[in-house]
Amino acid sequence: MSLPDLAGVLSTDDVLATVASIAAEQEPSGAIPWFSGGQLDPWDHVEAAMALDVGGENAKAEAAYDWLRRTQRPDGSWAARYEAGAVVADATAETNHAAYVAVGAWHHWLCTGDDAFLERMWPTVRRAVDFTVGCQAPGGEIWWAVGPDGLPDRVALLTGNSSVHQALRCAAAIAGRLGEPQPDWELAADLVGHTIRRHPVAFADKERFSMDWYYPVLGGALRGEPARERLRRRWDEFVVPGRGARCVSDRPWVTGAETCELALSLHAVGDRDAAEEMVSAMQHLREADGSYWTGLVLTDGVRWPVERTTWTAAAVVLAVDALHGAHPRSEIFSGPVEAAATSPGREAPSRNR
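Looking at an unreviewed UniProt entry, one finds the protein chain named Prenyltransferase and attributed to Actinoplanes campanulatus.

Chemist: Any details on the nonpolar core? Residues and values, ideally.
Modeler: One finds Met50, Tyr65, Trp106, Val125, Ile174 and Leu262 to be the most contacted residues of the largest nonpolar core, which totals 110 residues. The element best represented in this core is helix H13 (residues 310–324), accounting for eleven residues. Those residues within four positions of Met50 in sequence are excluded, and the remaining contacts are Tyr65, Tyr100, Val103, Gly104, His107, Leu318, Ile332 and Phe333.

Chemist: If you had to explain the sheet that holds strand S3 (residues 93–94) to someone new, which residues and values would you point to?
Modeler: Taken in spatial order, the three strands of this open sheet run S3-S4-S5, and their pairing is antiparallel. The open sheet has two edge strands with one neighbour each: S3 and strand S5 (152–156).

Chemist: Mind laying out the pairing of S5, listing which residues take part and the relevant values?
Modeler: With three bridges connecting them, strand S4 (residues 143–146) and S5 associate as antiparallel partners. In the strand pairing of S5, Val146 is matched with Pro152. If you look at the hairpin formed by S4 and S5, you'll find five residues sitting between the two strands, and Gly150 has a positive phi there, around 85°.

Chemist: Provide a residue-level description of the confidence of the model for the protein chain, including the pertinent values.
Modeler: Taken as a whole, the protein chain shows an average pLDDT of 94; of its residues, 95% reach a score of 70 or greater. Taken as a whole, residues 339–353 scores under 50 in pLDDT and shows 27 contacts with residues more than four places along the chain or in a different chain.

About the cut-offs
- Residues numbered from 1 in each chain as written.
- Predicted model: local features only at pLDDT ≥ 70, side-chain atom pairs only at ≥ 80, totals over all residues.
- Heavy atoms only, no water.
- Core = buried A, V, L, I, M, F, W, Y, C linked by side-chain atoms within 4.5 Å.
- Buried < 20%, exposed > 50% of the residue type's maximum accessible area, 1.4 Å probe, protein only.
- Helix = DSSP H or I, 4+ residues; strand = E, 2+ residues; numbered from the N terminus.
- Contact = heavy atoms within 4.5 Å.
- Pairing = 2+ DSSP bridges.
- pLDDT = per-residue confidence, 0-100.

See below:
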């Protein structure tokens, strides 16, 4: 496999050290918490598993996906938050959490070409995506969550919908690979993308948060000049030269994960130089063991939160891999998702069902 680096910023050994810092936090069950003894949420768990795959830790990544298979609830969802030992701390079911398993599963296949893995994950992916699509409003947006009482919270979030857009495309690719086409998922993705592009009032106002700024690009709903214009428009509000991207426009802190996700967004629209600068700028958060602090308060130089999180480390690894660009998995945030994709030397299977 091809191990990534970013010349002048992070060597392959540096990236492997970061991957090792994530693996060190993985529990025997396969669960990947934010940090040792900390909380876990399904979205960040998947992101960390993706980084493990980039670093060649495919068995550990599979263990993370097997944890999702075992803990999925009958309706296709997971709890929004777990404490140590997979104890449910918040039973709310978030739609973008459920859908993101499809991004991870497709990424793992791009890393390994393992059709047996996709076969094993298919029931999990199908239930998760059906749960998510079941929360689509008539206007095309996806409601953000279903409460513990089983009732949907009829609020749509732009960041979550942008992530769901990418997840639906990946889910459709998995379905195509397995000979189980799901045209309803493709239609749902089209509707989400249209709503993001044309009907922004469908989403709750979260414009203070940088994720609402760049996620429509990261999730693929915006590409080309509209995407570049969106990133230019609020650049000065969120980007702190030499430090990275703010999490919130009106607060004096930068965060590593948002900075690297912005780098992925910039790469997706062809601005490689700016993407590299973002990854370079956030290296002040790196520790000697390859782990990363979550953020930095600019006014006093204090780490905040005082945590080194697996999802921050994972965002770094994924950004470096995208910029390295030497493997099909590297394009998961930027390239087209082909439903009938094949890996070298493999043919897409057919089914008679």
